[in-house]
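Topology and contacts: notes
Residue-level listing of the chains:
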Amino acid sequence: MMSVLTYLTIGAALVCAAVFAKTRYMSFRAQTSDDYADGPIFDIRERFNGPVQCEGVIYGPTGKVSSRFVADFVATWNGNVCTMVEKFHYDSGQVQDRVWTLTLGNDGRIKAEAPDVVGTGTGQQSGSAVLLNYRIKLTKEAGGHALDVTDWMYLMANGNIMNRSQFRKFGIKVAELVATMRPKENVYAGE
């Protein structure tokens with residue numbers, strides 16, 4: 001006859017296997033660049049070139065909207081190196097500036113650097129999507145934590161970009177961002 005400890009061990013192993021399977025095969029992080037290899041080509045040199053308008057929301061750990069923002073980006077290219085200057089205006093009144101340096105390899109691989117990114121982020125453009133993975137250091141006002149970010153951008157049929165990012169601490173999702181991006185000249189007629 002099996003002991004209670006044996007049943008608990010088997011149960012714990014099954015729970016761990018189920019969590020692993022869900023994370024690996026049925027979650028946001030289970031996506032790969034190959035999933036989007038077919039379809040329209042998302043060339044970041046074309047889509048992130050010049051002024052870009054962005055609007056988005058950030059969801060906290062409970063799933064409620066914790067912040068809204070509007071941002072202006074200006075992207076310029078020198079060969080395969082992009083400098084993207086971003087200015088975020090949050091609903092709290094806070095303004096945040098960030099400058100990204102994106103280096104695009106001939107194979108579609110991306111290196112991403114910014115002052116609040118720990119080390120160098122990596123990514124891949126493939127078909128209709130772009131993936132970036134990086135570790136971001138929050139401001140002291142936001143707790144000063146370093147979070148792991150999985151950032152997916154998807155090219156829409158009209159040329160706009162949908163962005164979905166998840167932020168994790170110790171593997172646990174603590175925030176999510178959903179945003180749209182498009183060339184600024186298409187935002188309002190006459191602007």
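The preceding data block contains the structure.
Thresholds applied
- Residues numbered from 1 in each chain as written.
- Predicted model: local features only at pLDDT ≥ 70, side-chain atom pairs only at ≥ 80, totals over all residues.
- Heavy atoms only, no water.
- Helix = DSSP H or I, 4+ residues; strand = E, 2+ residues; numbered from the N terminus.
- Buried < 20%, exposed > 50% of the residue type's maximum accessible area, 1.4 Å probe, protein only.
- Contact = heavy atoms within 4.5 Å.
- Areas by Shrake-Rupley, 256 points an atom, 1.4 Å probe, with all protein chains shown as cover.
- 1 Å grid on protein atoms, 1.4 Å probe; cavity = no way out; pocket = protein on both sides within 12 Å on 5 of 7 lines; lining within 4 Å.
- Points joined across faces, edges and corners; volume = space filled by probe spheres on them.
- Nonpolar A, V, L, I, M, F, W, Y, C, P; charged D, E, K, R; others polar.
- Polar contact = N/O pair within 3.5 Å; in protein donor to acceptor, adjacent residues only side chain to side chain.
- Salt bridge = Lys/Arg side-chain N within 4 Å of Asp/Glu carboxyl O.
- Phe/Tyr/Trp six-rings, centres within 6.5 Å; stacked < 30°, edge-to-face > 60°.

Of the regular secondary structure elements, the chain holds two helices and ten strands. Counting helices and strands in the order they occur from the N terminus, the chain gives α-α-β-β-β-β-β-β-β-β-β-β. With 191 residues in all, the chain has 39% of them scored as buried. A separation threshold of at least 6 residues defines the contact pool for the chain, and within that pool the share at least 24 residues apart is 34%. Counting only carbon and sulfur atoms, one obtains 59% of the accessible surface of the chain, whose full area is about 11,300 Å².

The computed volume of the largest pocket comes to approximately 1,000 Å³. Forming the walls of the largest pocket are 43 residues, and the residues nearest its centre are I58, Y90, R98, F167 and L177. Residue composition of the lining of the largest pocket, by class: 28 nonpolar, ten polar and five charged.

Attention now moves to the side chain of R182. By the secondary structure assignment, R182 is in strand β10 (residues 172-183). Given the relative accessible area of 17%, R182 is considered buried. A distance of 3.4 Å separates a polar atom in the side chain of R182 from a polar atom in the side chain of T180.

A few words on the pattern of salt bridges. Under the criterion given, the structure shown has twelve salt bridges. Between R45 and D43 there is a salt bridge, with the nearest N and O atoms lying 3.1 Å from each other. Take R45: its relative accessible area is 33%, and that puts it in the partly exposed class. With a closest N to O distance of 2.8 Å, D116 and R98 form a salt bridge. Of this pair, D116 sits in the loop between β5 (109-113) and β6 (117-126) while R98 sits in strand β4 (residues 95-104); the two residues are 18 residues apart in sequence, bridging distant segments of the chain. One salt-bridge network, held together by shared partners, links E86, R98 and D116.

Using the criterion set out here, one finds seven aromatic pairs in the structure. Judged by centre distance (5.2 Å) and plane angle (75°), the ring pair of W100 and Y134 falls under edge-to-face. Taken together, the positions of W100 in strand β4 and Y134 in strand β7 (residues 129-137) put the pair 34 residues apart, joining distant regions of the chain. Side by side, W100 and Y134 carry an identical accessibility label, which is buried. Ring geometry for W152 versus Y154: centroids 6.1 Å apart, planes at 10°, classification stacked.

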